[in-house]
Number of protein chains: 2
Amino acid sequence: MWELDRQDVEDLATGAAILGTGGGGDPYLGKLMALSVLEKGMKIEVIDPEEVPDDALVIPSAAMGTPTVLIEKISKGTEVVEAFERLEKYFGQEVFATMPLESGGVNSVNPLTVGARCGLPIVDTDGMGRAFPELQMTTFNIYGVPCCPMTLVDEKGNVVLLDAIDNVWAEKLARVITIRYGGTAWISLYPMYGRDVKRGGIPNTLTLARDIGRSIREARAAKSDPIDAVLGITGGFRLFEGKIVDVERKTVAGFARGEARIEGLGDDSGSEMVVQFQNENLVAIKDGDIVCSVPDLISILDADTGLPITTEYLRYGYRVIAIGMPIHEKWRTPEGLKVVGPRYFGYDIDYVPIEERMRG
Amino acid sequence: MWELDRQDVEDLATGAAILGTGGGGDPYLGKLMALSVLEKGMKIEVIDPEEVPDDALVIPSAAMGTPTVLIEKISKGTEVVEAFERLEKYFGQEVFATMPLESGGVNSVNPLTVGARCGLPIVDTDGMGRAFPELQMTTFNIYGVPCCPMTLVDEKGNVVLLDAIDNVWAEKLARVITIRYGGTAWISLYPMYGRDVKRGGIPNTLTLARDIGRSIREARAAKSDPIDAVLGITGGFRLFEGKIVDVERKTVAGFARGEARIEGLGDDSGSEMVVQFQNENLVAIKDGDIVCSVPDLISILDADTGLPITTEYLRYGYRVIAIGMPIHEKWRTPEGLKVVGPRYFGYDIDYVPIEERMRG
């Protein structure tokens, strides 16, 4: 068990935004929400998945919707707690802990708020090891854990309790409800017992996010390269350096879809990279060739500070470095690639792990 | 308390389709569903609202969606029971009875199925006294009864439990869920106690529907005019006689919207009537002038048989008689007209009761 202090929260929000691969929501908002509970004197306690008893109930907390809308909507900070408490009440069993479902600016931090407010620990794991746009895209899904029952709450006070027949139907129904809510829902879902947390989760992603954020901060303080620090911890690769020259972004069916076009600088002069996204970055295309694809992680970092730029903040003129990072092995199975491989997102290519691409 | 036999069910389905004013779903389907429970030896027992104790819980049963889709989807007949039982379980209190929320082909009959299958009586009342297209359009709403919690079930087995902040939000959220389900949802909603059933409902509409259906059947057997029989019971008026020459119908935002154009015959030769609908008939326009509008009832009947034709069965060439019937006084208040008056449906006119229009 470790307790998060202010510095941990800030580091974690930064690191989570890098794992969020452009999605997962504004890390700054997430950070503010978590800091506000610390300021109220509440504690944020994180436990290792191995500390969760097999038959203890864990209920994750998250937000879903378009990040571009999330930044326009003011959360009272209590919606995500309401979603959690409604699902807890529906279950009628004692809850042992909460946890994140994805790593991302807002969704790594939401469970911290819930844990602190409800006096519960947060399990150091999640079901993606990065951010993904759809509810069925979790390693828990691969291990047969149902997404439902789930709750969806909006800032007005509407509550939906969803009991879909499978995780794909949960996504379909939750998506239209989220759109009708106005673009954002605060959710609680994938209630599960300790044995599934340990079997299905990607372990220690809160620690990883904190470590990434810390390494950037320390590198900047030491005037060394923060991007080298990130690549060191994640086993990632530099994909491209350049200047953003064009960003297309529209909200389609409740998702932020689009692409960013980057004109090469330095070693990449004369080349161009296009990064396409659906909330999260999906593929990085250099001069017409895919150089990194889902489920591997693609993040766009500020070239000077090493800080992540989420899709909703991509702007013309930013000097950026795109990096690619290997995904956790749980996603690299046939079952995993069926759910989050390039073909699911409409790209007619086989998945090639980034390490292989970089060797070749 | 009275028990419905096969003949009652058939009469009730016919009469309810007339009160359904073009909507409320195919009376034939509704009849088949109710007959099938009688054939299984179950009983359909109807009680007067005055027989419901003040503090007894009553949970209504219904279907929502586009009638044009409903006729294409095969119901197992158990979905509406599932919706009812899920809401009952959520409430955790003993249920005294079920009841209809609207008068209409399918929605007058759905509660009969639920009552028979669950061994509960059906209260002889509803919240519309006709059919209306949206959930907040009930007299219970005017009397402050919340629509939520409500359940929505589809034929695949998906279940949603909705707890919206008000009845308009219940409609908005239930509508997108119904559309995502594929166009039809089996629902249970407006759970309420006996005192609200008696205070807010339009009483004895099952009896009225049965009596209308019976009068048509008896008139036809006696070779007298079935339409006169209907007008006698309902206090209604002949609006127009003619032949359908055009029907426009499309599914918009989960509703069947459109209009039927009728060319005059007999006394109405040389005139034209247009009946516009949103699931239900909204206004009847004769030679450019509105002669009957919501919330008064407009039904289109087969000129020969007196049997109702719901909007989804309107076809070129049908010889029809359009009739108008006065709505229950509970809708004729300022509060009622705000919810179901012509302005709500986009017509910039004041409501004039049909009796006044016919006198003038």
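Residues numbered from 1 in each chain as written. Chains lettered and ligands numbered in written order. Predicted model: local features only at pLDDT ≥ 70, side-chain atom pairs only at ≥ 80, totals over all residues.

Per an unreviewed UniProt entry, chain A goes by Hydantoinase and derives from miscellaneous Crenarchaeota group-15 archaeon DG-45.

### Remarks on the overall build of chain A
Within chain A, the secondary structure is distributed over twelve helices and 19 strands. A compact globule built from 360 residues should have a C-alpha radius of gyration of about 21 Å, and chain A, at 19 Å, falls within 12% of that. Looking at the 360 residues of chain A, the share that counts as buried comes to 56%. Sequence-distant contacts, at least 24 apart, represent 74% of the contacts inside chain A between residues at least 6 apart. (Helix = DSSP H or I, 4+ residues; strand = E, 2+ residues; numbered from the N terminus. Rg over C-alpha atoms; globule rule 2.2 N^0.38 Å. Buried ≥ 20, exposed ≤ 12 C-beta atoms within 10 Å, placed from the backbone. Contact = placed C-beta atoms within 7 Å.)

### Quick look at the interface of chain B and chain A
Contact with chain B, which involves 16 residues of that partner, is made by 16 residues of chain A. Broken down by element, the side of chain B that touches chain A gets its largest block of residues, six residues, from helix α7 (residues 167-181) of chain B. Residue composition of the side of chain B that touches chain A, by class: ten nonpolar, two polar and four charged. In this sheet, strand β9 (residues 159-163) of chain B lies alongside strand β9 (residues 159-163) of chain A in antiparallel orientation, the contact comprising five bridges. Within β9(B), the residue paired with L161(A) across the bridge is L161(B). (Nonpolar A, V, L, I, M, F, W, Y, C, P; charged D, E, K, R; others polar. Pairing = 2+ DSSP bridges.)

### Digging into the relation of the copies chain B and chain A
After a rotation of 180° and a shift along the axis of 0.1 Å, chain B superposes on chain A with an RMSD of 0.0 Å. Put plainly, the chains are arranged around a two-fold axis. Rotation axis and chain B: the residue whose C-alpha lies nearest the axis is L161(B), separated from it by 2.4 Å. With an isologous cut-off of 70% or more, the 100% of interface residues of chain B that recur at the interface of chain A puts this contact in the isologous class. (Least-squares fit on C-alpha atoms with pLDDT ≥ 70 in both.)

### Observations regarding helix α5 (residues 110-118) of chain A
Residue and element names in this part refer to chain A. With seven of its nine residues buried, α5 lies for the most part within the structure. Within the span of α5, buried status applies to N110, P111, L112, T113, V114, G115 and A116. Looking at the buried positions of α5, the neighbouring elements they touch are α2 (27-39), β2 (45-47), β4 (61-65), α4 (79-91) and β6 (122-123). Once α5 ends, the next one or two residues include G119, with phi positive near 70°.

### Overview of the sheet that holds strand β6 (residues 122-123) of chain B
Hydrogen bonds between backbone atoms are what pair the strands of a sheet, whose relative direction is either parallel or antiparallel. Residues and elements named next belong to chain B. Read from one edge to the other, the open sheet built from three strands follows the order β1-β2-β6, with strand pairing classed as mixed. One side of each edge strand has no neighbouring strand; the edge strands of this open sheet are β1 (2-3) and β6. Sheet analysis places β1 next to strand β2 (residues 45-47), joined by two bridges and oriented antiparallel. Pairing of W2 across the sheet is with V46, part of β2.

### Here we look at the pairing of strand β4 (residues 61-65) of chain B
Residues and elements named next belong to chain B. Within β4, five of the five residues are buried, leaving the element largely enclosed by the surrounding structure. Of the two faces of β4, the one holding S61, A63 and G65 and the one holding A62 and M64 are both buried throughout. As paired elements, β4 and strand β10 (residues 184-188) share five bridges and run antiparallel to each other. When the bridges of β10 are listed, A63 appears paired with W186.

### Concerning the packing of α4(A) against α5(A)
Residue and element names in this part refer to chain A. Put simply, α4 and α5 touch, their axes get as near as 9 Å, and they point 70° apart. With respect to their mutual orientation, α4 and α5 come out roughly perpendicular. Considering how the two elements wind past one another, α4 and α5 form a crossing that is right-handed. Along its contact with α4, which presents V80, V81 and F84, the element α5 presents N110, T113, V114, R117 and C118. For the contact of α4 with α5, the residue count by class is five nonpolar, two polar and one charged. (Axes fitted to C-alpha atoms, helices over the stretch in contact; angles between N-to-C directions. Parallel < 35°, antiparallel > 145°, perpendicular 65-115°, else oblique. Left-handed = near helix turned anticlockwise from the far one by under 90°.)

### Quick notes on the pairing of β10(B)
Residues and elements named next belong to chain B. The buried count for β10 comes to five of five residues, which makes it a mostly enclosed element. With burial as the criterion, each face of β10 is covered, one bearing T184, W186 and S188 and the other bearing A185 and I187. In this sheet, β10 lies alongside strand β8 (residues 150-153) in antiparallel orientation, the contact comprising three bridges. Bridged to L152 within β10 is I187.

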